[in-house]
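Chain residues, written in single-letter form:
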Amino acid sequence: MVKKEWSFDTLTVHGSEGIDKHTGAVAPPLYQTSTFAFHNSDHGAALFNGETEGYIYSRISNPTQACFERQMAFLEGCEAGLAFSSGLAAISALVTTLCRTGENFVSSNTIYGGTHSLFQGFLPRMGIEAREVRATHLDEIEAAIDDKTRLIFIETPANPNLDLIDIQACAEIAKKHGIPLAVDNTFATPALQQPLELGAEVVVHSATKYISGHGDTVAGVLTGTEELITRIRKETLTQVGYCISPFNAWLLLRGLKTLSVRMNRHCENGNRVAQYLSFHPKIEKVYYPGLATHPGHDIAKRQMKDFGGMIAFEIKGDLQAGKTFIDSLELCVQAVSLGDCDTLVCHPASTTHSTYTPEQLTQAGISETMIRISVGIEDPSDICNDIGQALQRI
Ligand SMILES: Cc1ncc(COP(=O)(O)O)c(C=O)c1O
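Numbers given to residues run from 1 along each chain, matching the order in which its sequence is written. The predicted origin of the model limits local features to residues at a pLDDT of at least 70 and limits the giving and counting of side-chain atom pairs to 80 or more, whereas totals for whole chains, interfaces and linings rest on all residues. Hydrogens are left out, water is left out, and the side-chain values use all remaining heavy atoms of the structure.

Pro-157 follows Thr-156 through a cis peptide bond whose omega is -10 degrees. At the junction of Asn-159 and Pro-160, the peptide bond is cis and its omega measures out at 10 degrees in the coordinates. To qualify as a helix, a DSSP run of H or I must reach at least 4 residues; to qualify as a strand, a run of E must reach at least 2; elements of each kind are numbered from the N terminus. Turning to its location among the elements, Pro-160 is positioned in the loop between β4 (149-155) and α7 (167-176). Positive phi values are uncommon outside glycine, yet Thr-189 reaches one of about 65 degrees.

Dropping the structure here:
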């Protein structure tokens, strides 16, 4: 029996429900099935018209998906959760459920490049306007809201430059205007930051990242009120077909068991690598919320339990210096994505954020020479030594 008073570390291991009631299975069972048999024709009709509850078809829901959704809602302190085939599917379902043609939403401008592309490339085709502002400047959020604004969307810490946005202050603005605040919690996870406690209404994840933790799944999840999640499931997920596969939901459940220990190690290693970089003579600037020099350090201390494993930095010199550095790495893997056990390094301006125009990059505080590192759970000395030898080659 799971007890609410257990610590977060214990709850990630034991899940929202603990041992499977029907079978005694300690690991959550995988229901790898597309469809579910009806008891008889009346039962089938009752499931379809909502008179009775149960499983019909895995695009709509599935016990393994549902178990992952409950566990995520539980860890985020939300009433309900909804799993998706990717983080972007979760974000597009959220926005297209809340906004109709002719309406708009306000978003921070420093966000994952794929989210920016969805907001500026795809949604305008449906007549939905994303008003991207510097959310570190709260007055810009306030000024962008009008009577057609249906949502405020922020990412904090932000991809790729680790900008910190004050969740509580944004929630106050959202409440004042009677609209929900959604927070992309991918970089922090519920282990480090719980947006609902700070007044947000919806939490978004690319579960591909720390929730999976092993770089073997692409998935997304939303958590929020029962009412909103049910609306998104019925109006959008089921109809568009954004569903997650049961196997991927099962992999995420497995990932969640080690979320706390992994995040502890990511934070320890992140701090160690950030310190190493900040004292290195070839490094110009380090962006890590745990450093007192980070402009969002105080916000991070207020709203995060620890500072995570994501770092951005700039090397002294030109773009070629950065390329030589990345191409010289031997342990750290040159790849996009983040939150894996392996340390991953990329150049956002030419990869994850290549969907930004040069002006948008400048506006969003993403420099041409910025390098992003997702610090893994390897021995931190090995990571630092690899960074050191690659810097030496410049
Ligand atoms: C912060 C953030 N949100 C959302 C996404 C999109 O998630 P996915 O790649 O799972 O669609 C990403 C992907 O990198 C991300 O970094």
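This part is about the domain arrangement of the protein chain. Start and end positions for the domains come from either an automated domain assignment or a database one. As far as domains go, the protein chain holds domain 1 (8-257) and domain 2 (259-392). A C-alpha centroid distance of 26 Å is found between domain 1 and domain 2. Note on contacts: a residue pair qualifies if any of its non-hydrogen atoms lie within 4.5 Å across the two residues. Contact with domain 1, which involves 45 residues of that partner, is made by 41 residues of domain 2. Summing both sides of the interface, domain 1 and domain 2 together bury roughly 3300 Å²; the carbon and sulfur share of this comes to 58%. When a carboxyl oxygen of Asp or Glu is within 4 Å of a side-chain nitrogen of Lys or Arg, the pair counts as a salt bridge. At the boundary of domain 1 and domain 2, one finds one salt bridge. Linking Arg-302 and Asp-166 is a salt bridge whose minimum nitrogen-to-oxygen distance equals 2.9 Å. Polar contact is defined as a pair of N or O atoms within 3.5 Å, subject to the rule that within protein one atom must be able to donate a hydrogen and the other to accept it, and that residues adjacent in sequence are counted only when both atoms are side-chain atoms. Where domain 1 touches domain 2, the interface holds 26 residue pairs in polar contact (both at pLDDT 80 or more). Residues are grouped as follows: Ala, Val, Leu, Ile, Met, Phe, Trp, Tyr, Cys and Pro are nonpolar; Asp, Glu, Lys and Arg are charged; all remaining types, including Gly, are polar. Its residues placed into classes, the side of domain 1 that touches domain 2 shows 18 nonpolar, 21 polar and six charged. For any pair of parts, buried area is found by adding up, for both, the accessible area (1.4 Å probe) each one loses once the two are put together.

Listed in full, the buried residues belonging to α7 are Ile-167, Ala-169, Cys-170, Ala-171, Ile-173 and Ala-174. In the core, the buried residues of α7 are packed alongside α6 (138-144), β4, β5 (181-184) and α12 (297-303). The distance from a side-chain oxygen at the start of α7 to the backbone nitrogen of Gln-168 is 3.2 Å, and the residue carrying that oxygen is Asp-166. Downstream of α7 by a residue or two, Gly-178 has a phi angle that is positive, lying close to 65 degrees. Working definition: with a 1.4 Å probe on protein chains only, accessible area under 20% of the residue-type maximum means buried, over 50% means exposed, and in between means partly exposed.

Right, let's talk about the packing of helix α4 (residues 87-98) against helix α9 (residues 226-240) for a bit. As a rule, the C-alpha atoms of each element are fitted with a line to give its axis, helices using only the stretch in contact, and angles between N-to-C directions run from 0 to 180 degrees. Put simply, α4 and α9 touch, their axes get as near as 10 Å, and they point 95 degrees apart. The orientation of α4 with respect to α9, classified from their angle, is roughly perpendicular. On α9, the residues touching Ala-93, Leu-94, Thr-96, Thr-97 and Leu-98 of α4 are Leu-228, Arg-231, Ile-232, Glu-235 and Thr-236. Tallied by class, residues from the contact of α4 with α9 come to five nonpolar, three polar and two charged. Note on terminology: angles under 35 degrees are roughly parallel, angles over 145 are roughly antiparallel, angles of 65 to 115 are roughly perpendicular, and the others are oblique.

Sheet strands associate in pairs through backbone hydrogen bonding, adopting either a parallel or an antiparallel arrangement. Spatially, the seven strands line up as an open sheet ordered β1-β7-β6-β5-β4-β2-β3, and their pairing is mixed. Where the open sheet ends on each side, the last strands, each with one partner, are β1 (80-84) and β3 (129-133). Going across the sheet, the axis of each strand differs from the next one's by a mean of 20 degrees, ignoring polarity. Helix-sheet contacts for helix α5 (residues 113-122) involve β2 (104-108), β3 and β4, and the interaxial angle to β3 is about 130 degrees. Here, a strand pair is defined by DSSP locating no fewer than two bridges between the strands.

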